[in-house]
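These are the residues of each chain, in order.
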Amino acid sequence: MRTDDPEGVTADVAALARMARGDESGLAELYDRHATPVYSLALRIVRRPEDAEDVTQQVFTQAWRTSARFDASRGVVAAWLLMMARSRAIDCLRRRNPARDGISDDERLAAIPDPEPSVEYVVATREQVERVQVAIDALPAEQRVAVELAYYDGLTQSEIAERTSTPLGTVKTRVRSALQTLRSAVAVARGAAGGQS
């Protein structure tokens, strides 16, 4: 899923506009272009092909229903679809095992790192993606593992502490430090992209 392809970005917005008018060919075009990355992200999170297929269907159904509300000024269509995929996949994990540890849904939601602004919306070019990946790779191993468990597995900080046999306070510090580092990398990438225009 390339976010630095101006023709693809324009085609995605045009497909959404057709969808908003009820034209199913727009949905078919969007699905052909983005179903594989959406499914791949969902599968990485839910780890079951049948659940990843359900998540993918939910994402494109939601895209169809909400196509008229898409705001291109907030990011690219590809990132919008991936954000939906992540949310639906984490919802799927919760439905599968709602009483994992007695933590309420509100506490679970609050514990899932979701940096503001969303990394998917900010990272709109290949160069920015590469900078963020370099920043992730440069994180200390403990911070990288904590962020990956939260983002890809949808684990709360309490669950990360349990899984890694680490005190909860340490996990919170690692996640907070990692997100600060990633926010700085994204801000540098945004500044560099803005300077190029």
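Going by the structure above, here's the rest.
If you're wondering where the values come from, they're calculated on a predicted model, not measured in any experiment.

About the criteria used
- Residues numbered from 1 in each chain as written.
- Predicted model: local features only at pLDDT ≥ 70, side-chain atom pairs only at ≥ 80, totals over all residues.
- Heavy atoms only, no water.
- Helix = DSSP H or I, 4+ residues; strand = E, 2+ residues; numbered from the N terminus.
- Buried < 20%, exposed > 50% of the residue type's maximum accessible area, 1.4 Å probe, protein only.
- Phe/Tyr/Trp six-rings, centres within 6.5 Å; stacked < 30°, edge-to-face > 60°.
- Core = buried A, V, L, I, M, F, W, Y, C linked by side-chain atoms within 4.5 Å.
- Contact = heavy atoms within 4.5 Å.
- Salt bridge = Lys/Arg side-chain N within 4 Å of Asp/Glu carboxyl O.

A.B. asks: Lay out the overall build of the protein chain in plain terms, naming residues and giving numbers.
C.D. replies: Helix and strand content of the protein chain: 10 helices and zero strands. The secondary structure elements of the protein chain, listed N-terminal to C-terminal, are α-α-α-α-α-α-α-α-α-α. With 197 residues in all, the protein chain has 41% of them scored as buried.

A.B. asks: An account of the packing of aromatic side chains is requested, with residue identities and associated values reported.
C.D. replies: Inspection of the entire model under this criterion finds two aromatic pairs. Between Y31 and F60 the ring centres are 5.0 Å apart and the planes differ by 65°, which places this aromatic pair in the edge-to-face class. Remark: F60 occurs in helix α3 (residues 49-66) and Y31 occurs in helix α2 (residues 24-46); sequence separation between them is 29 residues. Taking the relative accessible area as the measure of exposure, F60 reaches 4% and is therefore buried.

A.B. asks: Just give me the short version of the nonpolar core, but keep the residues and values in it.
C.D. replies: Counting 26 residues, the largest nonpolar core has L16, L30, I45, V59, V77, W80 and L81 as the members making the most contacts within it. When residues in this core are grouped by element, the largest group, 10 residues, is from helix α4 (residues 77-96). Non-local contacts of V59, meaning those with residues more than four positions away in its chain, are made with V38, L81, M84, A85 and R88. Of all hydrophobic cores here, the second largest spans nine residues; its members include I160, A161, V171 and L179.

A.B. asks: Talk me through the side chain of R18; I want residue IDs and the actual numbers.
C.D. replies: Within the secondary structure layout, R18 lies in helix α1 (residues 6-20). A relative accessible area of 19% places R18 in the buried class. Among all residues touching R18, those that are not within four sequence positions of it are D23, S25, G26 and E29.

A.B. asks: Give me the lowdown on the pattern of salt bridges, citing residues and values where you can.
C.D. replies: Applying the stated criterion across every chain, the model contains seven salt bridges. A salt bridge links D12 to R33; its shortest N-O distance comes to 2.6 Å. Note that D12 is positioned in helix α1 and R33 in helix α2, a separation of 21 residues in sequence. Overall, the relative accessible area of 32% leaves R33 in the partly exposed class. Among the charged side chains, a network of salt bridges with common partners joins D12, R18, D23, E29 and R33.

Limitation: the analysis is restricted to geometry and does not speak to function.
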